[in-house]
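# Examining the three-dimensional arrangement
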Amino acid sequence: MEISKLFKKSEGKEFTTFPTNLETYAWYKPILILIIAAIVSLAISFVALSILRVDPRSSNIMGLIITAITVIAMIPGIYIGTKLLYKIPFSTQVAPVRKWNWGIYVKVFVIALIVYAIIMFINISASGAKISNNLPILLFLLCLILPIFQGFAEEYLCRGLLMQTFGSWFKIPIIAIILQAAIFAVMHPYHFFSLLSVLCTGIVYGLITWYAQGLEVSSAMHAVNNIFSFLAIGLGIQQGVGGAGLDPIAFIMNLVIMLIPIIIVLVLDKFNLMGFET
């Protein structure tokens, strides 16, 4: 993808403006999809949380788990709304210009997993942080599984539905990328540098989604990031997410950690090893 296309009005078939190519497209339909998604996800999360009967204030990790379940409930909500109004299959929703590629997802997941594991090991060794909690096996498994679906749910909403909505309205990819990133940041009511970090993450994930023309890369990156956040909090290495402790240096480090896997992916793509071809 040519970078200049980010700033030009899109006339062809590409990720951010894809809905406009559908015969059933109308500018107001994304709003209806969001309403349907909200209703469905609220109903599902209400039932799930009623069954679990867990107090989110009991621990940081339980609060994260309950939040993850609520976010994951957006997946069927967005799918049903999009299916009803656009009548397109799930695969077209997540990779509209080409088919969803599991090879891309797995490659990026492994790359990000290795990078994050190395960085986490270095941070723990340098800071002298120790594991202070013993996670029951069920909670440990939830810390490994739920973040994968939560990461995809947030990508499906922000880099999928929202970015394509703004793209179909304004026709210029960079506007769609920035607007969805702003909403993504507002969804995380953190302190300043944490909020700025989320905003930058949303922009980077938006750019790589546009470049890859699918949600595989951002979903895999998001999943790995969430897994390590869950484990860090669940094992007592970190006290919470997005707290006041994130300073400018930590912000820069978070940005670097996020960019390393992205750079590796882009380098591999130069050698045609990623499979982004549409």
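Calculation rules
- Residues numbered from 1 in each chain as written.
- Predicted model: local features only at pLDDT ≥ 70, side-chain atom pairs only at ≥ 80, totals over all residues.
- Heavy atoms only, no water.
- Helix = DSSP H or I, 4+ residues; strand = E, 2+ residues; numbered from the N terminus.
- Rg over C-alpha atoms; globule rule 2.2 N^0.38 Å.
- pLDDT = per-residue confidence, 0-100.
- Buried < 20%, exposed > 50% of the residue type's maximum accessible area, 1.4 Å probe, protein only.
- Contact = heavy atoms within 4.5 Å.
- Salt bridge = Lys/Arg side-chain N within 4 Å of Asp/Glu carboxyl O.
- Axes fitted to C-alpha atoms, helices over the stretch in contact; angles between N-to-C directions.
- Nonpolar A, V, L, I, M, F, W, Y, C, P; charged D, E, K, R; others polar.
- Phe/Tyr/Trp six-rings, centres within 6.5 Å; stacked < 30°, edge-to-face > 60°.
- Patch = residues over 30% accessible without salt bridge, like charges linked within 9 Å, V, L, I, M, F, W, Y side chains within 5 Å.
- Areas by Shrake-Rupley, 256 points an atom, 1.4 Å probe, with all protein chains shown as cover.
- Parallel < 35°, antiparallel > 145°, perpendicular 65-115°, else oblique.
- Left-handed = near helix turned anticlockwise from the far one by under 90°.
- Expected span 1.5 Å × (residues − 1).

To continue, consider the overall build of the protein. Each helix and strand counted, the protein has 10 helices and 0 strands in total. Starting at the N terminus, the α and β elements of the protein follow one another as α-α-α-α-α-α-α-α-α-α. In summary, the protein has a C-alpha radius of gyration of 19 Å against a globular reference of 19 Å for 278 residues, a match within 12%. Taking the principal axes of its C-alpha atoms as reference, the protein extends roughly 55 × 45 × 35 Å.

A few words now on the confidence of the model for the protein. Mean pLDDT over the protein works out to 90, with 94% of the residues at or above the 70 mark. Ranking the elements of the protein by mean pLDDT puts helix α2 (residues 60-72) last, at 87, and helix α7 (residues 173-186) first, at 97.

Take the environment of isoleucine 44 next. Considering the arrangement of structural elements, one finds isoleucine 44 in helix α1 (residues 29-52). Owing to a relative accessible area of 37%, isoleucine 44 belongs among the partly exposed residues under this scheme. For the pair isoleucine 44 and serine 91, spaced 47 residues apart in the sequence, the C-alpha separation amounts to 22 Å. Not counting residues within four places of it along the chain, the set of residues in contact with isoleucine 44 comprises Ala73 and Pro76.

Moving on: the pattern of salt bridges. Where side chains of opposite charge bring their charged atoms close, a pairing between them can arise. Inspection of the entire model under this criterion finds 2 salt bridges. Measuring nitrogen to oxygen at the nearest pair gives 2.7 Å for the salt bridge that ties arginine 98 to glutamate 216. Of the two residues, arginine 98 sits in the loop between α4 (90-94) and α5 (102-127) while glutamate 216 sits in helix α9 (residues 216-234), which places them 118 residues apart along the sequence. Like arginine 98, the residue glutamate 216 is buried in the burial classification. Measuring nitrogen to oxygen at the nearest pair gives 2.6 Å for the salt bridge that ties glutamate 155 to arginine 159. Linking glutamate 155 with arginine 159, this pair stays in helix α6 (residues 137-170), spanning 4 residues, or about one helical turn. In this pair, the class of glutamate 155 matches that of arginine 159, namely buried.

Attention now goes to the packing of helix α3 (residues 74-86) against α6. Interaxial distance between α3 and α6 falls to 9 Å at its minimum, and their mutual angle equals 35°. Only Phe149, Phe152, Ala153, Tyr156, Leu157 and Leu161 of α6 make contact with α3, whose side of the interface consists of Met74, Ile75, Ile78 and Tyr79. The class makeup of the residues in the contact of α3 with α6 is 10 nonpolar, no polar and no charged.

It is worth spelling out the packing of aromatic side chains at this point. Within the structure shown, the criterion is met by 16 aromatic pairs. Arranged with centres 6.0 Å apart and planes meeting at 55°, the rings of phenylalanine 90 and phenylalanine 152 form a pair that is tilted. Residue phenylalanine 90 is located in helix α4, and its partner phenylalanine 152 is located in helix α6; the two are separated by 62 residues in the primary sequence. Of the residues examined, phenylalanine 90 reaches a relative accessible area of 33% and is grouped as partly exposed. A residue is classified by how much of its surface remains accessible, and phenylalanine 152, at 14% relative accessible area, is buried.

The next point concerns a nonpolar patch on the surface. Residues Trp27, Tyr28, Ile31, Leu32, Ile35, Ile39, Trp169, Phe170 and Ile175 make up a contiguous nonpolar surface patch of about 850 Å² in total accessible area. Mapped onto the nonpolar patch, the elements with two or more residues apiece are α1 and α6. Ranked by the residues each element gives to the nonpolar patch, the list is headed by α1, at 4 residues. Turning to its location among the elements, tyrosine 28 is positioned in the segment before α1.

What follows deals with the packing of α1 against α2. Close contact between α1 and α2 brings their axes to 9 Å; oriented N to C, the two are set at 150°. By the angle class used here, α1 and α2 are roughly antiparallel. The hand of the α1/α2 crossing is right-handed. Across the interface between the two elements, Ser45, Ala48, Leu49 and Leu52 of α1 pack against Ile66, Ile69 and Thr70 of α2. Across the contact of α1 with α2, the residue classes break down as 5 nonpolar, 2 polar and no charged.

This brings us to unusual backbone geometry. For lysine 87, which is not glycine, the phi dihedral falls at a positive 55°. Structurally, lysine 87 is set in the loop between α3 and α4. For lysine 87, a relative accessible area of 60% corresponds to the exposed category. The backbone of lysine 171 shows a phi angle near 70°, a positive value even though the residue is not glycine. We classify lysine 171 as partly exposed; its relative accessible area is 24%.

Further remarks concern α5. Its 26 residues give α5 an end-to-end C-alpha distance of 37 Å, which sits within 8% of 38 Å, the value for a rise of 1.5 Å per residue. Three or more residues of α5 are buried, namely Ile104, Tyr105, Val108, Phe109, Ile111, Ala112, Val115, Tyr116, Ile119 and Met120. In this fold, the buried residues of α5 make contact with α6, α9 and α10 (248-270). The first or second residue beyond α5 is glycine 128, which carries a positive phi of 75°.

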